[in-house]
Amino acid sequence: MDAQNEKSERLQKMLDETLSPVFQQLQKLESDMQKIKESQSEIKNLLTEKEQEG
């Protein structure tokens, strides 16, 4: 059973090392998407203001 646990732990470690950068990229993507949404919202507001002025 000990060998099985060791194998399990090694696999878990490999998975963590492999997936960690992927999750970091995903978090960065989410953050970028949020910034894009905020920018879009800002642009919409500016356009609305312009339309009301003109």
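Our structure is the block above this text.
First, a word on what this report is: a plain description of the structure on this page. Remember, predicted model here, so these are calculated numbers, not experimental data.

**Side note on helix α1 (residues 2-53)**
Point 1. Along its 52 residues, α1 runs 75 Å from first to last C-alpha, staying within 8% of the 76 Å computed at 1.5 Å per residue.
Point 2. The sharpest bend along α1 measures roughly 30° and falls at leucine 19, with the proline proline 21 sitting one to four residues further on.

**Some details on the pattern of salt bridges**
Point 1. Evaluated as defined, the whole model comprises 2 salt bridges.
Point 2. Aspartate 32 serves as the salt-bridge partner of lysine 28, at 3.1 Å between the closest nitrogen and oxygen. You can see lysine 28 and its partner aspartate 32 sitting in helix α1, 4 residues apart, about one turn around the helix.
Point 3. Accessibility expressed as a relative area gives 28% for aspartate 32, which makes it partly exposed.

**Observations concerning a nonpolar patch on the surface**
Point 1. Residues Leu15, Leu19, Val22, Phe23, Leu26 and Leu29 make up a contiguous nonpolar surface patch of roughly 540 Å² in combined accessible area.
Point 2. The residue leucine 29 is located in helix α1 in this model.

Cut-offs used in this document
- Residues numbered from 1 in each chain as written.
- Predicted model: local features only at pLDDT ≥ 70, side-chain atom pairs only at ≥ 80, totals over all residues.
- Heavy atoms only, no water.
- Helix = DSSP H or I, 4+ residues; strand = E, 2+ residues; numbered from the N terminus.
- Expected span 1.5 Å × (residues − 1).
- Bend = angle between axes of the 7 residues up to and from the residue.
- Salt bridge = Lys/Arg side-chain N within 4 Å of Asp/Glu carboxyl O.
- Buried < 20%, exposed > 50% of the residue type's maximum accessible area, 1.4 Å probe, protein only.
- Patch = residues over 30% accessible without salt bridge, like charges linked within 9 Å, V, L, I, M, F, W, Y side chains within 5 Å.
- Areas by Shrake-Rupley, 256 points an atom, 1.4 Å probe, with all protein chains shown as cover.

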